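Inside the fold
Now for the letters of each chain:
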Amino acid sequence: MKKLLFVALFASMGLGATTAMADGWPLSVLGNWSVVANQSAGTLSITSQGLGDCQPIKGTIFGNSIVGFYCPHSGRIHFLRNNGATTIQDYTANVSQAGPTLRMGGVFDSDLGAFGEYNFSGTK
């Protein structure tokens, strides 16, 4: 009897549990993302994406140009925020897909002034 009660209790504990799961990595990151970088909210706009295992990307973030790459087979994204010919920030993140929502999370490094590593996230 005790064994049956234990099994029933153990089984019922899993019924209400949920797990956060991603559906994998999206093939495309093109479009506008709502982003927050070290408490600054803005838009990451990826306007071009090339071909290959790790695909070149271009666009803008916070009004500055970006160049970088996205790897659709691993979800890895990396780009540089440039002010003219000067790189001012270096972003590294991972992209995932949960249903129709795309998410991006990682860090960026400041290359001018306030050196350090800061949090970065976005949704599309």
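For the structure, see preceding data.
Keep in mind that what you see is a predicted model, and the values were worked out from it rather than measured.

**Structural notes on unusual backbone geometry**
In this model, Gln39 sits at a positive phi of 75°, which is unusual for a non-glycine residue. Relative to the helices and strands, Gln39 is located in the loop between strand S1 (31-37) and strand S2 (40-49). Of note, the phi angle at Phe62 is positive, near 50°, even though the residue is not glycine. With respect to the helices and strands, the residue Phe62 is situated in the loop between strand S3 (55-61) and strand S4 (64-71).

**Let's talk about the packing of aromatic side chains**
Using the criterion set out here, one finds five aromatic pairs in the structure. Seen from their ring centres, Phe79 and Tyr91 are 4.7 Å apart, and the 15° between their planes marks the pair as stacked. Of this pair, Phe79 sits in strand S5 (residues 76-83) while Tyr91 sits in strand S6 (residues 86-98); the two residues are twelve residues apart in sequence, bridging distant segments of the chain. Neither Phe79 nor Tyr91 differs from the other in exposure class; each is buried. Note on Phe79 and Phe120: the rings are 6.1 Å apart at their centroids and 80° apart in plane angle, and the pair reads as edge-to-face. Of this pair, Phe79 sits in strand S5 while Phe120 sits in strand S8 (residues 116-123); the two residues are 41 residues apart in sequence, bridging distant segments of the chain. Neither residue differs from the other here; Phe79 and Phe120 are each classed as buried.

**Regarding the pairing of S8**
Both S1 and S8 contribute to a ladder of four bridges, which runs antiparallel. Considered in S8, the bridge of Ser34 is made with Thr123. Pairing between strand S7 (residues 101-110) and S8: eight bridges, direction antiparallel. When the sheet's bridge partners are listed, Gly106 is paired in S8 with Phe120. Where S7 folds back onto S8 in an antiparallel hairpin, the turn is made up of five residues, including Gly113, whose phi is positive at roughly 70°.

**A look at the sheet that holds S2**
The strand order around the closed barrel formed by eight strands is S1-S2-S3-S4-S5-S6-S7-S8, and the pairing between neighbours is antiparallel. Taken over all neighbouring pairs, the strand axes of this sheet differ in orientation by 30° on average, direction set aside.

**Re the side chain of Ser45**
Within the fold, Ser45 resides in strand S2. In this structure the side chain of Ser45 is engaged in a polar contact, spanning 2.9 Å, whose partner is the side chain of Asn32. Apart from the residues lying within four places of it in its own chain, the contact partners of Ser45 are Gly31, Asn32, Lys58, Gly59 and Thr60.

The rules we used
- Residues numbered from 1 in each chain as written.
- Predicted model: local features only at pLDDT ≥ 70, side-chain atom pairs only at ≥ 80, totals over all residues.
- Heavy atoms only, no water.
- Helix = DSSP H or I, 4+ residues; strand = E, 2+ residues; numbered from the N terminus.
- Phe/Tyr/Trp six-rings, centres within 6.5 Å; stacked < 30°, edge-to-face > 60°.
- Buried < 20%, exposed > 50% of the residue type's maximum accessible area, 1.4 Å probe, protein only.
- Pairing = 2+ DSSP bridges.
- Axes fitted to C-alpha atoms, helices over the stretch in contact; angles between N-to-C directions.
- Polar contact = N/O pair within 3.5 Å; in protein donor to acceptor, adjacent residues only side chain to side chain.
- Contact = heavy atoms within 4.5 Å.

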